[in-house]
Every structure is written in structure tokens, then in C-alpha cells.
Amino acid sequence: MTIQESKVELIEEFEMFDDWMDRYNYIIEMGKDIEPLADDLKIKKYLISGCQSQLWLIAELVDGKILFKADSDAIITKGIAQLLLRVVNNRTPQEIIDEDFSFIDMIGLKEHLSPTRSNGLTSMIKQIKLYALVFKAKAQQQL
Amino acid sequence: MSIDIDKIRADFPILSTKVRTKKLVYFDNGATSQKPQMVIDSMTNYYQQQNSNVHRGVHYLSQIATDAMESARENIRKYLNAASVEEVIFTKGTTESINLVANSFSKVFITEGDNIIVSEMEHHANIVPWQMMCKEKKVELKVARVNDDGSLDIDYLKSLFTDRTKLISLAHISNVMGVINPVKEIISYAHSNGAKVMLDGAQATPHSVIDMQDLDVDFFAFSAHKMYGPTGVGILYGKKKLLEQMPPYQFGGEMIDKVSFEETTFNVLPFKFEAGTPMIAEIIGLSSAIDYMQEIGIQNIADYEHELLEYATSKLEKIDGLRIIGDTKNKASVVSFVVKGVHHYDIGSLLDQFGIAVRTGNHCAQPLMKSMGISGTVRASFAFYNTKEEIDVFMEALNKALNMLT
């Protein structure tokens, strides 16, 4: 599935929900499904600190594609992080650099990404992009 | 006299706001209160009919604006029962009031080797200015402990005083828990040990009758916006004999007497501490907010809010796994809680979907969170325009949210 296809799939999934409660139940379920990070990975190095909730993000480059893992102490933050990762996981650095993340608006979760919300999600997007830039730079150095 | 809730609610236009499709339930009064039409009108009227720069203007409008501002100061003095208008300083809020004292009081009254006291339950605004001052002056910052129920450990607090203790700065009412501190007892103990007392009154003025002379407090800070007035203005009350000895905090117009490039002399109190053009419209708005509260009766407000607090507390206590943070008898209408296994951000996000505004997080009181062993709370804070019906809506939403989350 291309990055575009996975965005469309996500948007269509959310269009099926009649009300906010279904939407949030889905996010909460997604948050519950996510495999928790081992405690020894929940360290400062991976922490994206928000004033409201904490979020950990880990990335590695495997065969030219980035694999992300995330976890949070708040389940809604964790669920939304999982949504983001569904789109950006297993993509090349360039694909992530080119992504504008406007699909978040389209699934009605914009309020969770306002810079004043301080749940770490806005910083998570920045961090995802930063990882992509670093992996791209590293790959170019090796060429 | 009881409260005419329908009439009161009609005075606050914002209360009829719809949040998406739901009726707004505003329980974030501890962060800021809503404003009655009377306050909004007083500020509009100022700009429509009185606006001019104050003091020293010879023209008609400047006189009117100066009179309006200075009669507001007198109104605030009466409300505080301060001995003199010279003791009522306009600042931009509680934070600036505390910074002013930390800066100017320390310049004359604190020297290396002294100590000052704050408590674990303080808002960051009543910690950081003192911490910075202490670093600069090489002064020890002592910290009073909080008991498990959220009350101050008074015996421990008393044990912190030494003959070098120059000041204690405390919250009158905790912004996180609503716990009312025994400030009169502390003030009299501090004075008997030769220390001055500053109170952070930001959470006290919306809920209680306060009297500077009765409290015998040395400094008292509060913000208009938490007591139905506008943002951008607050008060520093200070005893005249202390303020007179303290140097100015900021420099500029209004606060000077004579200026030459060789030397500048400063204006008298209260103007010495009010550099630059003041927030005239906001000052008038604050005075109008005080009039509004007094019309209803501050004791009536306190009594009604106490009813709301007891109603909410009794309902919250029935929820499994819910723990109220700050469980003392003597509380203002603030209730903070945590629920076992559920994050405060999740609860707050879902309550928002139900149209309910609460505050979640550490409430700018990270040291208190640490001492309580929690990362944050959900805080509902009630004002006299809230109702038991709103608390019912809140409880139903909270139960639904917890069902979704567990």
C-alpha cells in the first residue's frame, strides 16, 4: 500500500463513524492494541515531553525504510500516535519528508495536534520528520 | 439571602455557548472565570466615553479618565479593607505582583545567609521568582511540606523558621486542591518570629471575603481575571511602611518625580511601582467585577459554591478507583481527582467532547504533583454561576468517559 493509499483508507474508515463517540472508541481500542514499549525503552532519549501526556518514539532504518514504534501514558495519545504510524511506518525517508500530515484534519482530530494542547503529538510529527531527515542524510553520506 | 441563579446566568453571555452541539458546562473557573455583562460594559463605556491617558493631563478627558481610575483604586481599597490607597498597586496580575516583591523586597530586606519559606503546594508563580532571587542573593529557600490530605504540615512549617527567616510566601488557597490554608495562624506565627508574609490570593479572592487589616498580612497578590474581571490586571497590596522602603521594580513614565541625566527621583506611592501607562480599562473592569460580586454578596457566593463543592464531592466519592487530591474539611470550590489506571488527559479529552471544560495536568504545580506521587489530576472548579444540574451532566459524562477508557 502506498502512503497515499493508506491515508485514503484511514480517512474512509473514519467517515464510517456516525459520531464522536465511535471515533474515540476506535482510537481508544487502537491505543489498547498497540504493543507497549519495554520499560527500558521508555527513557529520556526517546521521550517527547508534553505538559499533559508523555510520548515515546523510537525509529530504525531497515532496508531503506523507517520503522517506528511509539507508546504513551495516555491512551488517546497512544491511539492517535498509532494512527500516524499506520501511515508513516515502513516508508522511505523521502516519503515522510514530503508528507504534510493534513490527513489528521480530515479525520477530525485536529484539536489533538494544536501546539497548545501539549500532549506531545505535534512534537511527535516534528520528531518523525527529523528522523526522516537524519536517515536521509546518513544514507547520502554512505553513497 | 440565597442566589438567583437564572438571573446570574443571564448576566454571563458566554454561558449560552454551544460546544459543537452540546451546551457548555464551564468548570475551569480556577484557570479563569467568565465575565458578566456589567464588566464588559464598564470597559466598553470607558473606551466609548472616557478614554484618555491618566495623570497630569490638563484636559477634560484626561481628568475624567484619571478620576475613573483613581475611584476604582479607592473601590478596591475598600474591598480589601486596606488602610490606604497608597497600599493598592496595579500590576498585570498575581505573577507580576509576586515578582515585584521578590525583586524589590529582597533588595532592602534580604542579605546573604538569610532564608525564606515557600510550600510544596505553591503554583510555579510563587516558587520560581523566589528561587531566582535566592540564587542571586545566596539565600536559602526552605520548603514547607504538605500532608497526604493536602493540608500544610503546620508543625513542620513552624520548625523551618530561624532568626534569619525574612519572609514566607504562601498560597491562601491551593489552586490544585482548593485547600484553604490557616493563614491567620501562620501570619501571626511568622510575625512573632520577625518574618514578613506574602499571600498568593489568586484563588482566594473569587471565593472568600478578605480583609487586609484583619489578616495583618504584609503583601497580598491577586488577579482580576479569576474573579470575573478582565485579564491583564492584578493587584499587589503591601503595607505602606514596607512599600515605602522598597525600591521601584520597573522604570519609566508615571513612576518618576524629577528626571535629569545626572539623577532621577521617584514618585510617591502607589505610583512609584506603576511605571508606564496603566491598564486603565482593565482597572475599571476589575472595580466593576468587585461591584458585581458585592451586589450578590461575597458570603452568599461562598456559601452557594460550598454547596456545589459538597454535592460534587459526594458524587465523585462514589466512583470506584477515584481519589480526590486535597481531602480536607476547609476547601474552596475546587475538586481535583485521579482515577486508578486512567490518564487525566484521556478523561479531559472525552469530557471536552461532552461540552465540559475542566483542567487537566499538573496545574503549574509540579512539586506538589511529585510530593503526591502523581503526574497530574483532573480539576473541576466551580463558580457561583454553575449549578447542580451541570454537576449531574458532568457526572454522567465522566461515567461514560470512564466506561470508554477502562
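Please refer to the structure placed before this passage.
Residues numbered from 1 in each chain as written. Chains lettered and ligands numbered in written order. Predicted model: local features only at pLDDT ≥ 70, side-chain atom pairs only at ≥ 80, totals over all residues. Heavy atoms only, no water.

Undergrad: Honestly, the nonpolar core in this entry has me stumped. Any pointers?
TA: Soluble globular proteins: nonpolar side chains tend toward being buried together. Judged by nonpolar contacts, the single largest core of 152 residues is most densely connected at A:Phe68, A:Met124, B:Leu80, B:Phe384, B:Phe394 and B:Leu398. It is helix 10 (residues 280-296) of chain B that provides the largest number of residues to this core, a total of 10 residues. Composition of this core by domain shows at least three residues from each of domain 1 (5-27 + 297-405) and domain 2 (40-294) of chain B. For A:Phe68, the contacting residues outside a window of four places in its chain are A:Leu57, A:Ile58, A:Ala59, A:Leu85, A:Val88, A:Asn89, A:Ile96, A:Ile128 and A:Tyr131. Among the nonpolar cores identified, the runner-up in size contains 23 residues, and B:Leu100, B:Ile116, B:Trp130 and B:Phe219 belong to it. (Core = buried A, V, L, I, M, F, W, Y, C linked by side-chain atoms within 4.5 Å. Buried < 20%, exposed > 50% of the residue type's maximum accessible area, 1.4 Å probe, protein only. Helix = DSSP H or I, 4+ residues; strand = E, 2+ residues; numbered from the N terminus. Domains from an automatic or database assignment. Contact = heavy atoms within 4.5 Å.)

Undergrad: Mind showing me how you'd approach the interface of chain B and chain A here?
TA: Size of an interface, as often reported, equals the accessible area lost when the parts are brought together. Contacts between chain B and chain A engage 18 residues on the former and 18 residues on the latter. Buried area between chain B and chain A, both sides added, is near 1,500 Å², and the carbon and sulfur share of it is 54%. When the area that chain B buries against chain A is broken down by residue, the three leading residues are B:Tyr345, B:Gln353 and B:Met404, summing to 42%. On the surface where chain B and chain A come into contact, there are 0 salt bridges. Our count for the chain B to chain A interface comes out at 5 residue pairs in polar contact (both at pLDDT 80 or more). Among the secondary structure elements, those contributing two or more residues to the side of chain B that touches chain A are helix 12 (344-353), strand 16 (359-361) and helix 14 (388-405) of chain B. At 7 residues, helix 12 of chain B tops the list of elements feeding residues into the side of chain B that touches chain A. (Buried area = accessible area lost by both parts, 1.4 Å probe. Salt bridge = Lys/Arg side-chain N within 4 Å of Asp/Glu carboxyl O. Polar contact = N/O pair within 3.5 Å; in protein donor to acceptor, adjacent residues only side chain to side chain.)

Undergrad: I keep staring at a negative patch on the surface and nothing clicks. Help me out?
TA: Residue and element names in this part refer to chain B. Together, Asp148, Asp149, Glu317 and Asp327 line one region of the surface with negative charge. In this fold, Asp149 is placed in the loop between strand 6 (140-144) and helix 6 (154-160). Residue class for Asp149 comes out partly exposed when judged on its relative accessible area of 31%. (Patch = residues over 30% accessible without salt bridge, like charges linked within 9 Å, V, L, I, M, F, W, Y side chains within 5 Å. Areas by Shrake-Rupley, 256 points an atom, 1.4 Å probe, with all protein chains shown as cover. Lys, Arg positive; Asp, Glu negative; His and termini not counted. Charge placed at Lys NZ, Arg CZ, Asp CG, Glu CD.)

Undergrad: Is there a simple way to think about the pattern of salt bridges in this case?
TA: Pairs can form between side chains of opposite charge once their charged atoms are near each other. According to the stated counting rule, one finds 24 salt bridges over all chains in the structure shown. In this structure, A:Lys7 and A:Glu99 form a salt bridge, with 2.8 Å as the shortest nitrogen-oxygen distance. Residue A:Lys7 is located in helix 1 (residues 3-15), and its partner A:Glu99 is located in the loop between helix 4 (93-98) and helix 5 (103-106); the two are separated by 92 residues in the primary sequence. The exposure class assigned to A:Lys7 is buried, which follows from its relative accessible area of 13%. Residues B:Asp392 and B:Lys315 are paired through a salt bridge, measuring 3.3 Å at the closest nitrogen-oxygen approach. Taken together, the residues B:Asp392 in helix 14 and B:Lys315 in helix 11 (residues 298-316) connect sequence positions 77 residues apart. Among the residues examined, B:Lys315 registers a relative accessible area of 28% and is labelled partly exposed. Here the residues in one salt-bridge network are A:Glu9, A:Glu13 and A:Arg86, joined through shared partners.

Undergrad: Even after reading the chapter, I still don't get helix 3 (residues 60-80) of chain B, so can you show me in this structure?
TA: Think of an α-helix as turning once every 3.6 residues; residues three or four places apart then point the same way. All names here are of chain B. Taking 1.5 Å of rise per residue, 21 residues should cover 30 Å, and helix 3 covers 30 Å from first to last C-alpha, within 8% of that figure. If you check which residues of helix 3 are buried, you get Ser62, Ala65, Thr66, Ala68, Met69, Ala72, Arg73, Asn75, Ile76, Arg77, Tyr79 and Leu80. Directly after helix 3, the chain includes Asn81, whose backbone phi takes a positive value near 50°. (Expected span 1.5 Å × (residues − 1).)

Undergrad: Just checking my understanding: could you explain the sheet that holds strand 1 (residues 47-49) of chain A for this structure?
TA: The strands making up a sheet associate through hydrogen bonds between their backbones, and the pairing can be parallel or antiparallel. Residue and element names in this part refer to chain A. What the 3 strands build is an open sheet, ordered 1-2-3; its pairing is antiparallel. Single-partner strands in this sheet number two, and they are strand 1 and strand 3 (65-72). Taking the axes of each pair of neighbouring strands and ignoring which way they run, one obtains an average angle of 30° across the sheet. Docked against the sheet, helix 6 (residues 121-142) engages strand 1, strand 2 (54-62) and strand 3, running at close to 20° with respect to strand 2. (Pairing = 2+ DSSP bridges. Axes fitted to C-alpha atoms, helices over the stretch in contact; angles between N-to-C directions.)

Undergrad: Please explain the packing of helix 3 (residues 75-88) of chain A against helix 6 of chain A as it appears in this structure.
TA: Angle between the axes and distance between the axes are the two parameters that describe a pair of packed helices. All names here are of chain A. Viewed as axis vectors pointing N to C, helix 3 and helix 6 meet at an angle of 25°, and their least axial separation amounts to 11 Å. If you check the angle between helix 3 and helix 6, you find them roughly parallel. Along this stretch, helix 3 crosses helix 6, giving a crossing that reads as right-handed. On helix 6, the residues touching Thr77, Ile80, Ala81, Leu84, Leu85 and Val88 of helix 3 are Leu121, Met124, Ile125 and Ile128. When its residues are assigned to classes, the contact of helix 3 with helix 6 shows 9 nonpolar, 1 polar and no charged. (Parallel < 35°, antiparallel > 145°, perpendicular 65-115°, else oblique. Left-handed = near helix turned anticlockwise from the far one by under 90°. Nonpolar A, V, L, I, M, F, W, Y, C, P; charged D, E, K, R; others polar.)

Undergrad: Explain the sheet that holds strand 17 (residues 377-381) of chain B to me, please; I cannot follow it from the model alone.
TA: Residue and element names in this part refer to chain B. Read across the open sheet, the 4 strands follow the order 13-14-17-16; overall the sheet is antiparallel. Two strands in the sheet have a free side with no partner beyond their single neighbour: strand 13 (322-325) and strand 16. Across this sheet, the average inter-strand angle for adjacent strands is 30°, counted without regard to direction. Here strand 16 pairs with strand 17 via 3 bridges, running antiparallel. Along strand 17, the bridge assignment pairs Arg359 with Arg379. Helix 11 contacts strand 13 and strand 14 (334-339) of the sheet and is inclined by roughly 10° relative to strand 14.

Undergrad: How should the layout of surface pockets be read in this particular structure?
TA: One way to see where empty space is left: roll a probe the size of a water molecule over the atoms. Empty space within the largest pocket amounts to approximately 930 Å³. Lining the largest pocket are 41 residues, with B:Asp28, B:Ala31, B:Arg359, B:Thr360 and B:Arg379 sitting closest to its centre. Sorting the residues of the lining of the largest pocket by element identifies helix 4 (94-109), helix 12, strand 15 (356-357) and strand 16 of chain B as the ones contributing at least two each. Top element by residues in the lining of the largest pocket is helix 12 of chain B. It accounts for 4 residues. The residues that make up the lining of the largest pocket include at least three from each of domain 1 (5-27 + 297-405) and domain 2 (40-294) of chain B. Lining the second largest pocket are 17 residues, with A:Leu37, A:Phe68, A:Lys69, A:Ala70 and A:Asn89 positioned closest to its centre. Listed by contribution, the elements that provide at least two residues to the lining of the second largest pocket are strand 2, strand 3 and helix 3 of chain A. No other element matches the 4 residues that strand 3 of chain A contributes to the lining of the second largest pocket. Broken down by class, the residue content of the lining of the second largest pocket amounts to 11 nonpolar, 2 polar and 4 charged. (1 Å grid on protein atoms, 1.4 Å probe; cavity = no way out; pocket = protein on both sides within 12 Å on 5 of 7 lines; lining within 4 Å. Points joined across faces, edges and corners; volume = space filled by probe spheres on them.)

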